[in-house]
Amino acid sequence: MVADLVADELDGAGMDLDAKRLPLLARIYGVLILLDSLAVLPFTVFASIYSVREILAGRVHVDAMSLTFILSAAHALVLIVNAACLIIFGVLLLRNRRRYAARWAYVLMPLTLAEGMLSLALQGFGWNLVLPAIQMVILVVISATADPSLREERRLQRALKRMDDRDEYDSAVAAGMLGRDQSGKGYIALDFFNIFWLFTIASVGGLIVETIYHFALYHGELQDRAGLLWGPFSPIYGCGAVLVTVFLNRLWKANAGLIFCASAIIGGTFEYCTSWFMEVAFGITAWDYTGQWLSIDGRTSGKYMFFWGIIGLVWVRWLLPRMLALINRIPWKVRYSLTTICAVLMIIDIAFTLMALDCWYGRLAGQPQTSPAAMWFGEHYNNDYMAARFQTMTIDPTKAGRM
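Residues numbered from 1 in each chain as written. Predicted model: local features only at pLDDT ≥ 70, side-chain atom pairs only at ≥ 80, totals over all residues. Heavy atoms only, no water.

Caption draft 1: The environment of Ile-310, seen in detail. Within the element layout of this structure, Ile-310 appears in helix 11 (residues 302-327). Given the relative accessible area of 37%, Ile-310 is considered partly exposed. Put simply, Ile-310 and Ile-259 are 51 residues apart on the chain and 9.1 Å apart in space, counted from C-alpha to C-alpha. (Helix = DSSP H or I, 4+ residues; strand = E, 2+ residues; numbered from the N terminus. Buried < 20%, exposed > 50% of the residue type's maximum accessible area, 1.4 Å probe, protein only.)

This is the structure we're talking about:
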């Protein structure tokens, strides 16, 4: 109660968090995306309808079953949905609806990611990814500033500086450990702070487990199973952990069989989609389960879906609360600055990994590597280096769906 009183004093006599105005830059961004989306949405819809009519009339001939056509159609659909959602998001920003704006920011993040991934698959790594990257950064920033739960943590952090007795403050917040969903509907709050650290911890932990598994299965053979250019990270496990958390977070008390089956389906679907995307974007085959029990195009199998089910059950029932306790050991004085720095470093690692894979693909495809970036990657991360770093990957440019 003392902590709340001090925080209320700092915030202006208990002013409602949702009643505070969003920063001017957020409202300017709302105006820009609203105007841009109002122009882009009808144009994209009209262009798509026109293209379909031309194809159906026989004036334009395309191979409807080609990978490039399918990717282009999916890209157009994502652009339309993204533009429609941005219109709603822009209106919410202008009307200062903090809670709804924060929720729509989380909806737009996967849409922006899908837009960038499809653009990458069609055109490779280049300037086409700049706008989705900028939009993703802005969405993360707005979600962090608009999300009332994150603002509450910062409000109490400021209150801490005014407290004379730290023990009294700790006991005041002990009933609701930071990071938990304050509504009581879920086990943890799905905000950027929690999600980022769950992704990072799972990326490292998954790599360790996979390395040990391979070591035991292949009689002591050590293989580099990392998925990024630098560091001990396997992002497929990080992304899998995030997906399981997002979908099953509120079901952590549900029947164990339900959690197992749901985790197996989520993990198997994600593994299939990841394998498919890597192949159509870069011609990469990172694993092949052909011939295994319940193999689906060699991209996933019953064996590994079973493993995903076990891992998901252990993650939801046992690991999540412990991960939450570990994450919240990060001192308050550095938690947001440390998270920002680590997130920037992770983004740089992911971006350089994509560029290195793109240049590796280009060299094997016989494309001219004349740009300064391509020459730099060719010098520092040549084919031999990439093959040694990503030992499970092989590239066949003919499998990609590039334009």
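Caption draft 2: How the structure looks around the pattern of salt bridges. The full count for this structure, using the stated rule, is five salt bridges. In this structure, Asp-358 and Arg-402 form a salt bridge, with 2.8 Å as the shortest nitrogen-oxygen distance. Residue Asp-358 is found in helix 12 (residues 335-364), and its partner Arg-402 is found in the segment after strand 2 (394-395); the two are separated by 44 residues along the sequence. Overall, Arg-402 belongs to the buried group, its relative accessible area being 16%. (Salt bridge = Lys/Arg side-chain N within 4 Å of Asp/Glu carboxyl O.)

Caption draft 3: Structural context of the packing of aromatic side chains. Per the stated rule, a full pass over the model turns up 17 aromatic pairs. Where Phe-192 meets Phe-196, the ring centres are 6.0 Å apart and the plane angle is 25°; that geometry is what we call stacked. Placement of both Phe-192 and Phe-196 in helix 8 (residues 192-217) is noted, with a separation of four residues, approximately one turn of the helix. By relative accessible area, Phe-192 is classed as partly exposed at 25%. (Phe/Tyr/Trp six-rings, centres within 6.5 Å; stacked < 30°, edge-to-face > 60°.)

Caption draft 4: Seen up close, the packing of helix 4 (residues 98-123) against helix 5 (residues 130-146). Relative to each other, helix 4 and helix 5 sit at 160°, their axes nearing to 9 Å. On the basis of their axis angle, the class for helix 4 and helix 5 is roughly antiparallel. For the pair helix 4 and helix 5, the sense of crossing is left-handed. Taken together, the residues of helix 5 that come into contact with helix 4 (itself represented by Arg-98, Ala-102, Ala-105, Tyr-106, Leu-108, Met-109, Thr-112, Leu-113, Glu-115 and Gly-116) are Pro-132, Gln-135, Met-136, Leu-139, Val-140, Ser-143, Thr-145 and Ala-146. When its residues are assigned to classes, the contact of helix 4 with helix 5 shows 11 nonpolar, five polar and two charged. (Axes fitted to C-alpha atoms, helices over the stretch in contact; angles between N-to-C directions. Parallel < 35°, antiparallel > 145°, perpendicular 65-115°, else oblique. Left-handed = near helix turned anticlockwise from the far one by under 90°. Contact = heavy atoms within 4.5 Å. Nonpolar A, V, L, I, M, F, W, Y, C, P; charged D, E, K, R; others polar.)

Caption draft 5: Focus on a nonpolar patch on the surface. A contiguous nonpolar surface patch, about 820 Å² in accessible area, is contributed by Tyr-213, Leu-217, Tyr-218, Phe-306, Phe-307, Ile-310, Ile-311, Val-314 and Trp-318. Counting only elements with at least two residues in the nonpolar patch, the list comes to helix 8 and helix 11. Accessibility expressed as a relative area gives 30% for Phe-307, which makes it partly exposed. (Patch = residues over 30% accessible without salt bridge, like charges linked within 9 Å, V, L, I, M, F, W, Y side chains within 5 Å. Areas by Shrake-Rupley, 256 points an atom, 1.4 Å probe, with all protein chains shown as cover.)

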